[in-house]
Amino acid sequence: MEDFLMQLFSYSNNFYSNIEVMVYSNGYEDCEPGHFYGPALRKSYMIHHIVKGKGIFKLHEKTYHLSKGDAFLIRPGETVYYEADHENPWSYEWIGMQGAKIDSYLQRTSFAYYPIIHYSKNDRFSLIYAKMEHAYSSNASARDLLMNSVLYELLHFLVIHFPNKRIEKSHRTEEYVDQVIHYCLQNLDKKIKVTDISDYLGLNRSYLTRLFKQQVGSSLKDYILFIKMEEAKKMLKETSLSIQVIARSVGFDDPLYFSRIFHQKEGQTARKYRICHQKKTIIQAD
């Protein structure tokens, strides 16, 4: 018993160390006829998945009649009641979760506006719960990492199969533009092709270029070149690195080609740009 309590303490302690997402509890139960919980509040997000039988779930004065393949979400602070059917009581599995990002992830799913989902295409949903049970039985020193990885798998599954269709198109567009900018900034030292970005985002190339042009007012190819030139200008002003090194640092293997493009865009050579702007910096410092 003492070993079990120490293991349980270690389990809880590890999970509270991750403030973004963490598994709070998990399990499986074959309910007795009429077995119920509530009315009561939970202190974590919980998703119960029904694997057989029937029951009811009550939330906000609404009653949902559920059966195999259904799942219901409980949010912290909400008064809930759920009860197994008296003739065909349900069995369910659950995962409880906490963390600063849980709500934002769930907002990307249909759980944002409806507490029930139904999935009966295959066993993938149940397999995630089975993985969580397996993870809980794994080596204690890495159990929290494995369980949280399964939790991310669950959240990904929900976003993919139960997306929030009420998210406005404009909001999605802004997210795509943000991801384009992030990708470009993270890959400045590489040759960036439009197809690289469209593949990264999982979007059609033509759709992405049209979307970006509408939102930013510039073609994606021009934007990629723009941020490379801006970074090169910054390095010319603030470092003593050679033009060859700077060229490679912004994704140009050929320094001569870089110099030609720089001259076209800035109206002067990279060397002259450095001399002019470093002089200005010295004068301002004086």
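Higher on the page you've got the structure.
A few points on the structure. Residue positions are given per chain, counting from 1 as you read along its sequence in written order. Per-residue local features of the predicted model are confined to residues with pLDDT of at least 70, and side-chain atom pairs are confined, for both listing and counting, to 80 or more; whole-chain, interface and lining totals are unaffected and use all residues. Only heavy atoms go into the side-chain values, all of them from the structure, while hydrogens and water stay out.

If you look at the biggest cluster of nonpolar residues, it comprises 27 residues, and the most contacted ones within it are I47, M97, F125, L151, L154 and L158. With sequence-adjacent residues up to four places away left out, I47 is seen in contact with A71, F72, L73, E93, W94, I95, M97, F111, Y129, L154 and L158. Of all hydrophobic cores here, the second largest spans 17 residues; its members include C184, I192, I197 and F212. Buried Ala, Val, Leu, Ile, Met, Phe, Trp, Tyr and Cys residues that are joined via side-chain atoms within 4.5 Å together make up what is termed a nonpolar core. Burial classes: relative accessible area under 20% of the type maximum marks a residue as buried, over 50% as exposed, and values in between as partly exposed (1.4 Å probe, protein chains only). What makes two residues a contact is simply this: any of their non-hydrogen atoms within 4.5 Å.

Moving on, we come to the sheet that holds strand β3 (residues 45-52). Two strands pair under a simple rule: DSSP has to find at least two bridges between them. Helix and strand definitions here come from DSSP, where helices need a minimum of 4 consecutive H or I residues and strands a minimum of 2 consecutive E residues; each element is numbered from the N-terminal end. The five strands are arranged β1-β8-β3-β6-β9 in an open sheet whose pairing can be described as antiparallel. Strands at the two margins of the open sheet, each flanked by one partner only, are β1 (22-30) and β9 (116-118). Pairs of neighbouring strands in the sheet enclose a mean axial angle of 20°, with direction left out of account. Across the face of the sheet, helix α4 (residues 143-161) comes into contact with β1, β3, β8 (91-98) and β9 while running at roughly 80° to β1. Fitted lines through C-alpha atoms give the axes, limited to the stretch in contact for helices. The angle between two N-to-C directions lies from 0 to 180 degrees.

Now for the sheet that holds strand β4 (residues 54-59). Strand order in this open sheet of four strands is β2-β7-β4-β5, and the pairing throughout is antiparallel. The open sheet terminates on both sides in strands that have one partner only, identified here as β2 (36-41) and β5 (62-67). Taken over all neighbouring pairs, the strand axes of this sheet differ in orientation by 15° on average, direction set aside. Where β2 and strand β7 (residues 79-84) come together, four bridges link them in antiparallel fashion. Across the sheet, the residue bridging to A40 is V80, located in β7.

Under the 1.5 Å per step criterion, the end-to-end length of helix α7 (residues 205-216) is 16 Å for twelve residues, consistent within 8% with the ideal 16 Å. Polar contact criterion, stated in full: a pair of N or O atoms within 3.5 Å, where within protein one must be able to donate a hydrogen and the other to accept it, and residues adjacent in sequence count only if both atoms are side-chain atoms. Of the residues that open α7, the one with a side-chain oxygen 2.9 Å from the backbone nitrogen of S206 is N204. The positive-phi residue at the C-terminal boundary of α7 is G217, with phi of around 85°. Given a helix with a known number of residues, its expected span is that number minus one, times 1.5 Å.

To continue, consider the packing of aromatic side chains. Stacked, edge-to-face and tilted labels apply to pairs of Phe, Tyr and Trp rings (six-membered ring for Trp) whose centres lie within 6.5 Å, assigned for plane angles under 30 degrees, over 60, and everything in between, in that order. The final tally for this structure, using the stated rule, is 23 aromatic pairs. Here Y64 and Y114 contribute two aromatic rings whose centre-to-centre distance is 5.8 Å and whose plane-to-plane angle is 85°, an arrangement assigned as edge-to-face. Taken as a pair, Y64 in strand β5 and Y114 in the loop between α2 (102-106) and β9 lie far apart in primary sequence, 50 residues in all. What makes Y64 buried here is its relative accessible area of 13%.

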